[in-house]
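# Examination of the molecular architecture
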2 protein chains.
Amino acid sequence: MVDKPLKMKKSERTRAAIEAAARRLFAEHGYERTGIRDIAAAAAIDPAMVIRYFGSKDRLFAEVADFDLGLPDVASIDPAHVGRTLVAHFLALWEGDSANGGLPVLLRSAASNEFAATRIQQLFAAQVLPVLLSLGPSATASQRAGLVASQILGLALTRYVLALPPVVALDRETILAEVGATVQRYATGG
Amino acid sequence: MVDKPLKMKKSERTRAAIEAAARRLFAEHGYERTGIRDIAAAAAIDPAMVIRYFGSKDRLFAEVADFDLGLPDVASIDPAHVGRTLVAHFLALWEGDSANGGLPVLLRSAASNEFAATRIQQLFAAQVLPVLLSLGPSATASQRAGLVASQILGLALTRYVLALPPVVALDRETILAEVGATVQRYATGG
DNA sequence: GAGAAAAGTCAACAAATGTTGACAAAAGGA
DNA sequence: TCCTTTTGTCAACATTTGTTGACTTTTCTC
């Protein structure tokens with residue numbers, strides 16, 4: 001058969017459907033509250049297929065949780081606006097409708113799922129810390145990274161996971177200004 | 001029988017044992033991952049007793065989650081150090097070994113448990129917001145409360161729930177100074 | 001000590017969980 | 001068309017879950 005443009009092989013399509021459904025449900029309800037049958041139903045396939053394609057619930061979760069923060073290159077960041085830049089980037093990471101959305105998945109489950117917690121820790125250690133290394137004395141980089149994490153994950157938690165009304169109500173510009181200033185101070189050790 | 005000093009009625013004692021075990025396990029593993037049989041084992045009693053004393057797992061959780069932040073009186077806070085004061089208070093709330101410890105329970109489960117999330121929201125609305133009302137224009141109180149919540153819960157999340165190493169490594173004085181300054185700025189609208 | 005009330009034990013239930021294997025349908029290549 | 005591989009369906013499994021009811025043991029009062 002001549003190649004159907006834009007249509008992948010059927011197996012790829014169901015695999016993608018499962019992954020998309022899993023991402024959405026894991027992000028919405030967390031690891032424990034999301035059953036394989038729920039995922040299968042959302043993807044309109046048989047529960048057994050989920051296992052067939054991903055081996056186990058754990059491995060499916062791991063696959064969905066395996067993603068990249070995609071932080072801008074260290075060199076391309078204006079040190080005077082790291083705070084705002086970082087916050088903007090994380091906001092996009094949460095609100096971006098399309099591709100990844102792995103961060104919501106992770107944070108929703110991290111509180112009661114050791115794997116997810118470890119994964120978050122790795123992400124910050126491998127991707128955020130390097131950025132901070134170039135912004136101040138390396139001796140304090142770890143401390144600065146900790147403070148930055150506490151504020152950024154706190155914002156994500158209260159706004160997207162817990163959905164505390166006062167935090168949800170914050171408009172983008174206020175967040176960029178206020179939280180950005182905090183992150184700026186933490187990041188540069190000011 | 002003459003009253004045994006410091007010993008309560010037997011039923012009260014087992015009830016307290018269940019509650020203590022539940023508090024510890026809920027705080028450690030979250031709502032979903034803590035089974036009634038786990039709680040019973042930790043309290044060295046029969047699983048049926050848990051139901052007998054508390055009716056259901058939900059009600060037990062609700063009981064354990066029903067507590068008070070115990071914030072200092074608004075009037076007694078020095079407005080120039082609200083940030084530090086608030087942070088110190090929340091630190092004590094987490095690290096206090098004895099009585100309550102309900103906050104760890106709540107935060108550990110809030111990400112995937114609607115009841116816990118709602119409860120946190122209520123706590124902040126009913127107990128933190130009033131404090132902020134006296135520290136700036138009432139029109140911005142909600143916004144200031146949101147920012148304060150994002151930082152304080154973020155600290156709690158990363159330090160006590162996720163246990164991110166760089167945040168765990170922070171010493172008390174650094175937290176009081178750095179995070180205190182942020183909360184101060186958020187709270188007063190500076 | 002007899003009898004009542006409280007506290008505790010035990011086995012079982014129905015439902016939901018992740019996972020598996022046997023089988024049927026469809027697709028693709030020869 | 002025949003045959004092989006892929007893809008999907010179905011029923012069942014073992015385990016764990018919260019919860020219940022019948023029963024025995026303890027505790028306390030008279």
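Residues numbered from 1 in each chain as written. Chains lettered and ligands numbered in written order. Predicted model: local features only at pLDDT ≥ 70, side-chain atom pairs only at ≥ 80, totals over all residues. Heavy atoms only, no water.

Looking now at the protein's contact with DNA strand D. Of all residues adjacent to DNA strand D, which total 19 residues, the nearest are Ser11, Arg52 and Tyr53 of chain A together with Arg37 and Lys57 of chain B. When atoms of DNA strand D within 4 Å of the protein are sorted by moiety, sugar and phosphate together comprise 37%. Contact distances for DNA strand D include 2.9 Å between a phosphate oxygen and a side-chain N or O atom of tyrosine 53 of chain A. Between DNA strand D and the protein, one listed contact pairs a phosphate oxygen with a backbone N or O atom of isoleucine 36 of chain B at 3.1 Å. Counting residues per element, the ones that place at least two in the surface near DNA strand D are α1 (10–29) and α3 (47–54) of chain A together with α2 (36–43) and α3 (47–54) of chain B. The element best represented in the surface near DNA strand D is α3 of chain A, accounting for 4 residues. Here the surface near DNA strand D is composed, by residue class, of 7 nonpolar, 5 polar and 7 charged. (Near = heavy atom within 4 Å. Polar contact = N/O pair within 3.5 Å; in protein donor to acceptor, adjacent residues only side chain to side chain. Helix = DSSP H or I, 4+ residues; strand = E, 2+ residues; numbered from the N terminus. Nonpolar A, V, L, I, M, F, W, Y, C, P; charged D, E, K, R; others polar.)

Let us now look at the side chain of lysine 57 of chain B. All names here are of chain B. Mapped onto the elements, lysine 57 comes out in helix α4 (residues 57–65). There is no salt bridge for the buried lysine 57, and the closest opposite charge comes from glutamate 32, which lies 5.8 Å off by N-O distance. Reaching out from lysine 57, the side chain makes a polar contact with the backbone oxygen of threonine 34 at a distance of 2.9 Å. Apart from residues no more than four positions distant in its own chain, lysine 57 is found in contact with Phe26, Tyr31, Glu32, Thr34 and Ile36. (Buried < 20%, exposed > 50% of the residue type's maximum accessible area, 1.4 Å probe, protein only. Lys, Arg positive; Asp, Glu negative; His and termini not counted. Salt bridge = Lys/Arg side-chain N within 4 Å of Asp/Glu carboxyl O. Contact = heavy atoms within 4.5 Å.)

It is worth spelling out the relation of the copies chain B and chain A at this point. With an RMSD of 0.0 Å, chain B superimposes on chain A once it is rotated by 180 degrees and translated 0.0 Å along the axis. Classification of the inter-copy transformation places it as that of a two-fold axis. When C-alpha positions in chain B are compared against the rotation axis, the closest is assigned to glycine 154 of chain B, at 1.6 Å. Comparing interface residues between copies, 100% of those in chain B also lie at the interface in chain A; the contact surface is shared. (Least-squares fit on C-alpha atoms with pLDDT ≥ 70 in both.)

Residues and elements named next belong to chain A. Entries for chain A in the domain assignment read domain 1 (10–65) and domain 2 (74–188). Between the C-alpha centres of domain 1 and domain 2 the distance comes to 27 Å. On the side of domain 2, 14 residues touch domain 1, which itself brings 12 residues to the contact. Both sides of the domain 1 and domain 2 interface together cover about 930 Å² of buried area, and 61% of this is carbon and sulfur. Together, Ala27, Phe61 and Ala65 form the three largest contributors to the area buried by domain 1 at its contact with domain 2, with a combined 47%. (Domains from an automatic or database assignment. Buried area = accessible area lost by both parts, 1.4 Å probe.)

Here the focus is the side chain of arginine 108 of chain A. Here arginine 108 of chain A is to be found in helix α6 (residues 102–110). Notably, arginine 108 of chain A is buried but unbridged: the nearest opposite-charge side chain belongs to glutamate 28 of chain A, and the N-O separation is 7.7 Å. In this structure the side chain of arginine 108 of chain A is engaged in a polar contact, spanning 2.9 Å, whose partner is the backbone oxygen of alanine 27 of chain A. With residues up to four places along the chain from it excluded, the contact list for arginine 108 of chain A reads Phe26, Ala27, Glu28, His29, Gly30, Tyr160 and Val161 of chain A together with Ala111 of chain B.

So, about the protein's contact with DNA strand C. What surrounds DNA strand C is a group of 18 residues, the closest being Arg37 and Lys57 of chain A together with Ser11, Arg52 and Tyr53 of chain B. The sugar-phosphate backbone supplies 43% of the atoms of DNA strand C found within 4 Å of the protein. One of the backbone N or O atoms of isoleucine 36 of chain A is found 3.1 Å from a phosphate oxygen in DNA strand C. For the surface near DNA strand C, the secondary-structure elements that each account for two or more residues are α2 (36–43) and α3 of chain A together with α1 (10–33) and α3 of chain B. Sorting elements by how many residues they give to the surface near DNA strand C places α3 of chain B first, with 4 residues. Tallied by class, the residues present in the surface near DNA strand C amount to 7 nonpolar, 5 polar and 6 charged.

In this model, alanine 44 of chain A sits at a positive phi of 60 degrees, which is unusual for a non-glycine residue. Mapped onto the elements, alanine 44 of chain A comes out in the loop between α2 and α3.

This next bit is on the environment of proline 79 of chain B. Residue and element names in this part refer to chain B. Mapping proline 79 onto the fold places it in the loop between α4 and α5 (82–95). Taking relative accessible area as the criterion, proline 79 reaches 47% and is therefore assigned partly exposed. Residues proline 79 and serine 134, spaced 55 residues apart in sequence, show a C-alpha to C-alpha distance of 9.0 Å. For proline 79, the contacting residues outside a window of four places in its chain are Leu135, Gln184 and Thr188.

Moving on, we come to the UniProt feature "domain: HTH tetR-type" (unreviewed entry) in chain A. UniProt annotation of "domain: HTH tetR-type" (unreviewed entry) refers to residues 12–72 of chain A when read in the numbering used here. Helix makes up 70% of residues 12–72 of chain A and strand makes up 0%, while its end C-alpha atoms are separated by 31 Å. (UniProt positions renumbered as here; feature names shortened; annotations may be inferred.)

Turning next to the environment of leucine 69 of chain A. Residues and elements named next belong to chain A. Looking at the secondary structure, you find leucine 69 in the loop between α4 (57–65) and α5 (82–95). Sequence separation of leucine 69 and alanine 110 is 41 residues, and the distance between their C-alpha atoms is 16 Å. The residues touching leucine 69, leaving out its near neighbours within four places in the chain, are His89, Phe90, Leu93, Leu103, Leu123, Gln127 and Val128.

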